[in-house]
Amino acid sequence: MSGTHNDFDVEYEIERNKTVARRYFEEFVDRRSLNTLNEIVAADAADETRVGVGGTGTREDFHEHAKWLWENVKDVHVSVSDLLAEGDRVIVFWKIEGVHTGNIFGVPATGKPFTGHSISWLTIREGQVVRYNVLPDRLGIIQQLADVHL
């Protein structure tokens, strides 16, 4: 019996982690909800895109990362296409759409609309993000913005 209860707890935790990851993108990044940021990102969480892999950081790093995005992409829209989770780790496949209004990946503002696909991984403990990183399709985005095809 206790094995079944344990399986239920693990499944519940995985589903909760996936919900937190989805909220990160849909509520915080897409809808710019700072209340969501404060609720689902731990105060001492590490945004590895800002502090490096294994680095230490704060919730403010997440806000600065999103602020950079909001300032450089007009009408930014983010949507989650898939989530995979095991233990405390969630892998998120997501899409960004918007208009290029600032420097992105070394390309100055072009005013062009673009779509990009990314894969992010989040570590979640007790309902809060404690670590985040992303692998964006830099080449695909640069090709759209700079009309460069390799």
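Thresholds, definitions, all that
Residues numbered from 1 in each chain as written. Predicted model: local features only at pLDDT ≥ 70, side-chain atom pairs only at ≥ 80, totals over all residues. Heavy atoms only, no water. Helix = DSSP H or I, 4+ residues; strand = E, 2+ residues; numbered from the N terminus. Contact = heavy atoms within 4.5 Å. Areas by Shrake-Rupley, 256 points an atom, 1.4 Å probe, with all protein chains shown as cover. Lys, Arg positive; Asp, Glu negative; His and termini not counted. Charge placed at Lys NZ, Arg CZ, Asp CG, Glu CD. Pairing = 2+ DSSP bridges. Axes fitted to C-alpha atoms, helices over the stretch in contact; angles between N-to-C directions. 1 Å grid on protein atoms, 1.4 Å probe; cavity = no way out; pocket = protein on both sides within 12 Å on 5 of 7 lines; lining within 4 Å. Points joined across faces, edges and corners; volume = space filled by probe spheres on them. Nonpolar A, V, L, I, M, F, W, Y, C, P; charged D, E, K, R; others polar. Buried < 20%, exposed > 50% of the residue type's maximum accessible area, 1.4 Å probe, protein only. Salt bridge = Lys/Arg side-chain N within 4 Å of Asp/Glu carboxyl O. Polar contact = N/O pair within 3.5 Å; in protein donor to acceptor, adjacent residues only side chain to side chain.

Novice: I'd like to hear about the overall build of the protein, residue by residue, with values.
Specialist: Counting its secondary structure elements, the protein contains five helices and five strands. Going from N to C terminus, the protein has its helices and strands arranged as α-α-β-α-α-β-β-β-β-α. Considering only C-alpha atoms, the protein reaches an extent of 60 × 30 × 25 Å along its principal axes. In the protein, 53% of the contacts between residues at least 6 apart in sequence involve partners at least 24 apart. For the protein, the exposed surface amounts to about 8,200 Å²; the carbon and sulfur share of it is 52%. A gap of 5 Å separates the mean positions of the 16 positive and 24 negative side-chain charges of the protein.

Novice: Explain the sheet that holds strand β1 (residues 41-47) residue by residue, including any values.
Specialist: One open sheet accounts for five strands, arranged β1-β5-β4-β3-β2; its pairing is mixed. At either end of the open sheet lies a strand with only one pairing partner, and these are β1 and β2 (73-86). For this sheet the average axis-to-axis angle between neighbouring strands, irrespective of direction, equals 25 degrees. Two elements, strand β4 (residues 113-125) and strand β5 (residues 128-136), share eight bridges in a ladder whose sense is antiparallel.

Novice: If you had to explain the layout of surface pockets to someone new, which residues and values would you point to?
Specialist: Put simply, the largest pocket is a space of about 420 Å³. Forming the boundary of the largest pocket are 22 residues, of which His-65, Trp-68, Leu-69, Trp-94 and Val-134 lie nearest the centre. Broken down by secondary-structure element, the contributors of at least two residues to the lining of the largest pocket are α1 (2-30), α3 (48-51), α4 (59-72), β3 (89-100), β4, β5 and α5 (138-146). Considering every element that reaches the lining of the largest pocket, the biggest residue donor is α4, with five residues. Of the residues belonging to the lining of the largest pocket, the class tally is 17 nonpolar, three polar and two charged.

Novice: Before we move on, could you go through unusual backbone geometry and cite the residues and values that matter?
Specialist: Positive phi values are uncommon outside glycine, yet Arg-32 reaches one of about 60 degrees. Mapped onto the secondary structure, Arg-32 falls in the loop between α1 and α2 (34-40). For Phe-105, which is not glycine, the phi torsion reads 50 degrees and is therefore positive. Structurally, Phe-105 can be placed in the loop between β3 and β4.

Novice: Pulling in residues and values, what's your account of the side chain of Arg-59?
Specialist: Within the element layout of this structure, Arg-59 appears in helix α4. Buried and without a salt bridge, Arg-59 has Asp-44 as its closest oppositely charged side chain, separated by 7.5 Å. From its side chain, Arg-59 meets the backbone oxygen of Val-41 in a polar contact 2.7 Å long. Once residues within four sequence positions are removed from consideration, Arg-59 is found in contact with Leu-37, Asn-38, Val-41, Ala-42, Ala-43, Ala-45 and Gln-128.

Just geometry here; none of it tells us what the structure is for.
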